[in-house]
Amino acid sequence: GNSFTTGEPHQGLAGIGLLMQQDGGPSTKVFIKNVVPGGACGRDGVVQVGDFVVGVNGNNVVGLPVAEIRECIVGPIGSQIRVSFERQNGEVYERTLTRGSAVASEDP
């Protein structure tokens, strides 16, 4: 029993600056609708809008609903996460990203 209100950010938890979307049924691949400027993926520079999210920390997430994938991605600020993406052309790549707010890591 969590007392969290849905939609409110949990204190001390962060994602990687992605807006994800799922077209079609719950079993369709989740793709990146937007990369938040200054977020982990935005700073990384490799992840592109339109790429599919296919894995989180080595676990296949294809077929999971967006909400579940988001729960896998969100974690303590400053912790690292491995996410696998798939390009429109089928190329799969993995990035290790640091969860956090939209503040660049080199800022004081």
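What you are looking at is a predicted structure, and each value in this text was computed from that prediction instead of being measured.

Tallied over the full model, the rule gives one aromatic pair. The ring of Phe52 carries Lys29 above its face, with NZ or CZ at 5.3 Å from the centroid.

Burial of strand β4 (residues 52–56) is extensive: five of the five residues sit out of reach of the surface. In terms of strand pairing, β4 meets strand β5 (residues 59–60) through two bridges, oriented antiparallel. Of the residues in β5, the one forming a bridge with Gly55 is Asn60. Between β4 and β5, which pair antiparallel in sequence order, lie two residues; one of them, Asn57, sits at a positive phi of approximately 50 degrees.

Calculation notes
- Residues numbered from 1 in each chain as written.
- Predicted model: local features only at pLDDT ≥ 70, side-chain atom pairs only at ≥ 80, totals over all residues.
- Heavy atoms only, no water.
- Phe/Tyr/Trp six-rings, centres within 6.5 Å; stacked < 30°, edge-to-face > 60°.
- Lys NZ or Arg CZ within 6 Å of the ring centre and 35° of its normal.
- Buried < 20%, exposed > 50% of the residue type's maximum accessible area, 1.4 Å probe, protein only.
- Helix = DSSP H or I, 4+ residues; strand = E, 2+ residues; numbered from the N terminus.
- Pairing = 2+ DSSP bridges.

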